[in-house]
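Listed below, chain by chain, are the residues.
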Amino acid sequence: MSDFPSGDGSVTNSVAKPSSISNGTNAPSLGDLSEKDKPWDKHRGNADKVSNHYQGSEFRQYAQRIDFCSQLLDFRLVPDEADGLLKLKLSAARFCRVRHCPVCQWRRSLMWKAKAYQVLPKIVKDFPKHRWLFLTLTVRNCEITELKGTLQWMNKAWQRLSQLKAFPAEGWLRSTEVTRGKDGSAHPHFHCLLMVKPIYFSGKSYIKQAEWVEMWRKSLRIDYNPILDVQAVKRGQQPMQLVPELLKYCVKESDLVADREWFLEITRQMHKMKCVVTGGVLKQYLKDLEREPDDLIGSDNFAEVDEGHLYFGWKKKEKSYKLL
Ligand SMILES: [Zn+2]
């Protein structure tokens with residue numbers, strides 16, 4: 001990838017030339033200078049909240065690590081290919097890699113998404129006639145203290161499902177998401193991308209929604225019909241459009257910061273649980289997504305010319321990264 005986004009997307013807002021930036025007490029913030037880097041403040045602000053949650057718990061060493069996470073951001077000033085204006089590109093930062101650190105979880109998701117956008121077109125090229133399904137599998141909400149057992153049971157059920165004769169996917173990617181119910185319960189569910197044979201929609205192998213529910217119910221060995229959603233990617237459309245939904249996060253940030261006890265418990269319950277799993281013929285393409293990315297910066301082309309660096313420091317009280 002020639003141009004890795006350091007922010008949320010591919011927006012390439014220009015920034016002021018370094019000469020026009022004052023370095024006084026009212027130093028400009030990162031978000032003022034670079035639209036695409038605005039999310040930094042939100043994620044680092046939530047990291048402070050999460051660190052507070054960890055204070056005084058058995059995870060106090062996580063609190064310390066998160067406190068040191070991404071305090072200083074080193075950006076390069078790089079001329080934009082399109083208009084020649086300078087834009088910011090993240091060059092260096094120290095990340096704590098604590099699983100539920102909002103900054104690290106955001107960076108991880110960016111790296112995974114970039115990887116998927118890079119690899120999925122290759123798969124489409126190798127399997128041009130195959131079709132794609134997006135399947136969401138749920139179970140009833142559970143107590144947060146029962147999350148681990150519930151996820152283990154769902155994993156087992158997934159195994160049974162994928163081994164059924166009728167299971168149509170030749171390859172798949174599955175991600176786990178847990179949301180917080182209003183009553184403090186946990187709602188675990190799987191988002192799955194399935195690659196099916198070209199004949200899936202025409203032949204006998206087509207599976208109606210009600211049949212999917214039946215298959216998932218049997219795999220779970222339960223007596224109620226679980227909520228399940230299945231959607232086809234239209235012919236001619238690409239599975240890439242599903243990447244944001246598939247590779248976002250395990251637990252969304254607003255749920256991480258909402259309630260301390262819930263958060264501490266989810267840390268206990270999700271310890272060492274894998275959030276992304278791949279299988280079948282897609283494994284060889286996408287197995288990197290099962291691991292923590294080595295690189296959380298995305299600065300993969302150092303040869304590019306830059307016109308200097310700008311440094312931003314996190315100002316906790318102002319909840320903002322300021323130019324140093
Ligand atoms: Zn971190």
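Note that the structure is a prediction, hence the values are computed from the model and not measured.

> Please set out the sheet that holds strand β9 (residues 320-323) residue by residue, giving values where relevant.
Taken in spatial order, the four strands of this open sheet run β2-β1-β8-β9, and their pairing is antiparallel. The strands lining the two open edges of the sheet, one partner per strand, are β2 (86-92) and β9. Taking each pair of neighbouring strands and ignoring which way they run, the sheet shows an average axis angle of 40°. As paired strands, strand β8 (residues 309-315) and β9 are joined by four bridges and run antiparallel to one another. Note on β9: the bridge partner recorded for tryptophan 314 is tyrosine 321.

> Explain the nonpolar core residue by residue, including any values.
Counting 59 residues, the largest nonpolar core has Ile66, Cys101, Trp172, Leu173, Leu193 and Leu194 as the members making the most contacts within it. The biggest single contributor to this core is helix α4 (residues 102-126), with nine residues. A domain split of this core shows at least three residues from each of domain 1 (1-97 + 296-324) and domain 2 (112-294). Among the nonpolar cores identified, the runner-up in size contains 13 residues, and Leu33, Leu73, Ala93 and Tyr321 belong to it.

> Tell me about the domain arrangement of the chain, residues and numbers included.
Per the domain assignment, the segments making up the chain are domain 1 (1-97 + 296-324) and domain 2 (112-294). Taken together, the contacts link eleven residues of domain 1 with eleven residues of domain 2. Per-class residue counts for the side of domain 1 that touches domain 2 are five nonpolar, four polar and two charged.

> Describe in detail the packing of helix α2 (residues 39-54) against α4, supporting the description with residues and values.
Contact geometry of α2 with α4 gives a least axis separation of 7 Å together with a crossing angle of 135°. In terms of orientation, α2 and α4 fall into the oblique class. Here Pro39, His43, Arg44, Asn46, Ala47 and Val50 of α2 lie close against α4, whose contacting residues are Pro102, Val103 and Trp106. For the contact of α2 with α4, the per-class residue count stands at six nonpolar, two polar and one charged.

> I'd like a rundown of unusual backbone geometry, residues and numbers included.
For serine 70, which is not glycine, the phi dihedral falls at a positive 45°. Relative to the helices and strands, serine 70 is located in the loop between α3 (60-68) and β1 (72-79). On the neighbour-count criterion, serine 70 (24 C-beta atoms within 10 Å) is buried. Although it is not a glycine, arginine 221 sits at a positive phi angle of roughly 60°. Checked against the element boundaries, arginine 221 lands in the loop between α6 (209-220) and β6 (228-232).

> Give me the lowdown on the confidence of the model for the chain, citing residues and values where you can.
When pLDDT is averaged along the chain, the result is 90, and 90% of the positions lie at 70 or above. Contacts from residues 1-23, a stretch scored under 50 in pLDDT, to residues over four places away or in other chains number 50 contacts.

> Report on α2, specifying residues and quantitative values.
With 16 residues, α2 extends 23 Å from end C-alpha to end C-alpha; this agrees with the ideal 22 Å at 1.5 Å per step. Taken together, the buried positions of α2 are occupied by Trp40, Arg44, Asn46, Ala47, Val50, Ser51, His53 and Tyr54. When α2 is viewed along its axis, its buried side chains cluster within an angular range of 160° and face the same direction. Phi for glycine 56, located one or two positions after α2, is positive at around 70°.

> Explain the packing of helix α5 (residues 147-163) against α6 to me, using residue names and the numbers behind them.
Taken N-terminus to C-terminus, the directions of α5 and α6 make an angle of 125°; their axes are 8 Å apart at the nearest point. For the element pair α5 / α6, the angle class is oblique. The two elements α5 and α6 meet at a crossing, and its hand is right-handed. In contact with Ala157, Arg160 and Leu161 of α5, α6 contributes Met215, Trp216, Ser219 and Leu220. Looking at the contact of α5 with α6 residue by residue, the classes come out as five nonpolar, one polar and one charged.

> Describe the environment of valine 257, with residues and values.
With respect to the helices and strands, the residue valine 257 is situated in helix α8 (residues 253-258). Exposure remark for valine 257: the 18 C-beta atoms within 10 Å place this residue in the partly exposed category. Residues valine 257 and lysine 49, spaced 208 residues apart in sequence, show a C-alpha to C-alpha distance of 6.3 Å. Not counting chain neighbours up to four residues away, the residues in contact with valine 257 comprise Asn46, Lys49 and Val50.

> Describe the pairing of β1, and please don't skip the residues or the numbers.
Judged from the five bridges that link them, β1 and β8 form a sheet pairing that is antiparallel. Across the sheet, the residue bridging to arginine 76 is histidine 309, located in β8. Pairing of β1 with β2, which is carried by six bridges, proceeds in the antiparallel orientation. Bridging from a neighbouring strand, aspartate 74 pairs with alanine 92 of β2. The turn joining β1 and β2, which pair antiparallel and follow one another in sequence, is formed by six residues; a positive phi near 75° is taken by glycine 84.

Each value, and the rule that gives it
- Residues numbered from 1 in each chain as written.
- Predicted model: local features only at pLDDT ≥ 70, side-chain atom pairs only at ≥ 80, totals over all residues.
- Pairing = 2+ DSSP bridges.
- Helix = DSSP H or I, 4+ residues; strand = E, 2+ residues; numbered from the N terminus.
- Axes fitted to C-alpha atoms, helices over the stretch in contact; angles between N-to-C directions.
- Core = buried A, V, L, I, M, F, W, Y, C linked by C-beta atoms within 7 Å.
- Buried ≥ 20, exposed ≤ 12 C-beta atoms within 10 Å, placed from the backbone.
- Domains from an automatic or database assignment.
- Contact = placed C-beta atoms within 7 Å.
- Nonpolar A, V, L, I, M, F, W, Y, C, P; charged D, E, K, R; others polar.
- Parallel < 35°, antiparallel > 145°, perpendicular 65-115°, else oblique.
- pLDDT = per-residue confidence, 0-100.
- Expected span 1.5 Å × (residues − 1).
- Arc of directions from axis to C-beta.
- Left-handed = near helix turned anticlockwise from the far one by under 90°.

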